[in-house]
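# Summary of structural features
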Amino acid sequence: MVSQTRKRLLILLVIVVIIFLLIRYVFFTGSLEDVESYRRNVGAPVLVTVFYEALCPDSKHFITKQLVPAFKEASILMDTKLVPYGKASTMTNPDGTYRFDCQHGQVECDANTYHACTIEAIQDPQSRLDMIACMIRDNRLPKEALHKCAKQHNIDNVDLIQKCFDSSHGSELLKLNGDLTHALRPSITFIPTITLDGYQGKQALILKNLLAEICKIAGDNDKADEICHQHL
């Protein structure tokens, strides 16, 4: 009887240990999956990824008051990736096309799509950022904002951007932006959210002084020293 009881206790102990190891494994591997795989080479620009919404006042403020000035002063230190989507959701129609529910309504969904098409169509980083900053200043009429800003910044492929919006390609681009946004870990809670080299920490400091945070991780090189000495 004693031997049988010991056997049961031993089995129970083994089960408890196995469960503990499984739980530890799940949490351990989960933490690894949350870390971005992006690794920057020494001396390479800092990757600044901006997750935003076209009708979000905080997004407009960050892009126009932080991102644009930082890029004008220190474009050599940064690569920018713009991801218009924000706190939206994506649904698939029966025919396989996509529809979206955006935080600020259908106008924002349209504006986000125009932004996504513009970002893809304009290859020059400065021109692309100038266009997005111009459009986000007044996106209540997204199509008019596109044409007004294109004229202001001498963008000649407006027809290509409009064609993207009018076709399924615009929705596909926005859906991809949604995938990127929903994949963020930790999950997004505030718009805009900015990552530096894939890292999501220090949001309050980034929103307040983007260039200072870029300078902290840019690395020791002559380019960074020349630009950053007044920001650190």
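Residues numbered from 1 in each chain as written. Predicted model: local features only at pLDDT ≥ 70, side-chain atom pairs only at ≥ 80, totals over all residues. Heavy atoms only, no water.

### Considering the nonpolar core
To be explicit about the condition: Joining through side-chain atoms within 4.5 Å is the link that ties buried Ala, Val, Leu, Ile, Met, Phe, Trp, Tyr and Cys residues into a set, and such a set is a nonpolar core. Only protein chains enter the accessibility calculation, which uses a 1.4 Å probe; a residue is then buried when its area is under 20% of its type maximum, exposed when over 50%, and partly exposed in between. Helix and strand assignments follow DSSP, with helices taken as H or I runs no shorter than four residues and strands as E runs no shorter than two, numbered in order from the N terminus. Two residues form a contact once any of their heavy atoms are found within 4.5 Å.
The biggest cluster of nonpolar side chains holds 30 residues, and the ones touching the most others in it are Val 48, Ile 63, Leu 67 and Leu 210. Elements supplying a minimum of two residues to this core: β1 (46-52), α2 (57-74), β2 (78-84), α4 (125-136), β5 (193-196), α9 (210-217) and α10 (222-228). Per element, the largest residue contribution to this core is seven residues, and it comes from α2. Those residues in contact with Ile 63 that lie beyond four places of it in its chain are Tyr 52, Val 68, Pro 69, Ile 132, Ala 133 and Ile 136.

### With respect to the confidence of the model for the protein
If pLDDT is low for a region, its predicted coordinates should not be looked at in detail. We apply this condition: Per-residue confidence from the prediction method is given by pLDDT, with values spanning 0 to 100.
Per-chain confidence: the protein averages 87 in pLDDT, with 83% of residues scoring 70 or above. Between residues 23-37, whose pLDDT stays under 50, and residues either more than four places distant or in other chains, the model counts three contacts.

### Let's talk about the environment of Val 68
In this structure, Val 68 sits in helix α2. Separated by 64 residues in the primary sequence, Val 68 and Ile 132 have C-alpha atoms spaced 9.9 Å apart. Those residues in contact with Val 68 that lie beyond four places of it in its chain are Ile 63, Leu 129 and Ala 133.

### Some words on the packing of aromatic side chains
The line we're drawing: Aromatic rings from Phe, Tyr and Trp, with only the six-membered ring used for Trp, were paired whenever their centres fell within 6.5 Å, and each pair was classed as stacked if the ring planes differed by under 30 degrees, edge-to-face if by over 60, and tilted otherwise.
Within the structure shown, the criterion is met by one aromatic pair. Centroid distance Tyr 114 to Phe 165: 3.9 Å. Interplanar angle 5°. Geometry classified as stacked. Here Tyr 114 is found in helix α3 (residues 106-121), whereas its partner Phe 165 is found in helix α6 (residues 158-166), with 51 residues between them in sequence.

### Let's talk about helix α7 (residues 168-182)
Going by this rule: To estimate the expected span of a helix, count its residues, drop one, and scale the result by 1.5 Å. The directions considered for the arc run from the helix axis to the C-beta atoms.
In this model, α7 (15 residues) spans 21 Å end to end at C-alpha, consistent with the 21 Å of a helix rising 1.5 Å per residue. Taken residue by residue, α7 has Gly 170, Leu 173, Leu 174, Asn 177, Gly 178 and Thr 181 as its buried positions. Along α7, the residues classed as buried sweep out an arc of 145° about the axis, all on the same side. Taken together, the buried residues of α7 touch β1, β2, β4 (98-101), α3 and α6.

### Side note on a negative patch on the surface
Short version of the rule: Distance thresholds for patches are 9 Å for like charges and 5 Å for nonpolar side chains (Val, Leu, Ile, Met, Phe, Trp, Tyr), applied to residues having over 30% relative accessible area and no salt bridge. Residue-level accessible areas treat just the shown protein chains as cover; the underlying method is Shrake-Rupley with a 1.4 Å probe. By definition, a salt bridge exists where a carboxyl oxygen of Asp or Glu is found within 4 Å of a side-chain nitrogen of Lys or Arg. Only four residue types enter the charge count: Lys and Arg as positive, Asp and Glu as negative, with His and the chain ends excluded. For the purpose of locating charges, the reference atoms are NZ of Lys, CZ of Arg, CG of Asp and CD of Glu.
On the surface, Asp 220, Asp 222, Asp 225 and Glu 226 cluster together into a negatively charged patch. Its location among the elements puts Asp 222 in helix α10. Asp 222 sits in the exposed class, given a relative accessible area of 67%.

### Some details on α3
Helix length check: α3, at 16 residues, gives a terminal C-alpha distance of 23 Å against a target of 22 Å (1.5 Å per residue), a fit within 8%. Counting buried residues in α3 gives twelve out of 16 residues, a clear majority hidden from the surface. Inspection of α3 places Glu 108, Cys 109, Ala 111, Asn 112, Thr 113, Tyr 114, His 115, Ala 116, Cys 117, Thr 118, Ile 119 and Ala 121 among the buried residues, and these make up the whole buried set.

### So, the sheet that holds β5
Applicable threshold: We treat two strands as partners when DSSP finds at least two bridges between them. Note on method: axes are straight lines fitted to C-alpha atoms, helices fitted across the in-contact stretch only, with angles between N-to-C directions ranging 0 to 180 degrees.
Spatially, the three strands line up as an open sheet ordered β2-β1-β5, and their pairing is mixed. Looking at strand neighbours, the two that pair on one side only are β2 and β5, the edges of this open sheet. Between one strand axis and the next, the sheet turns through 15° on average, direction left out of account. Taken together, the four bridges between β1 and β5 define a ladder with antiparallel strand orientation. Across the sheet, Val 50 pairs through a bridge with Ile 194, a residue of β5.

### Notes on the state of the cysteines
Which entries qualify depends on this criterion: In this description, a disulfide is simply a cysteine sulfur pair whose atoms lie within 2.5 Å.
Considering all chains together, one arrives at four disulfides under this definition. Across a sulfur-sulfur distance of 2.0 Å, Cys 117 and Cys 164 are joined as a disulfide pair. Disulfide Cys 117-Cys 164: torsion about the S-S bond near -75°, hence left-handed. Here Cys 164 lies in helix α6 and Cys 117 lies in helix α3, a separation of 47 residues in the sequence. For Cys 164, a relative accessible area of 7% puts it in the buried group. Between Cys 215 and Cys 228 runs a disulfide, and the two sulfur atoms are separated by 2.0 Å. Judged by the torsion about the S-S bond (-80°), the Cys 215/Cys 228 disulfide is left-handed.

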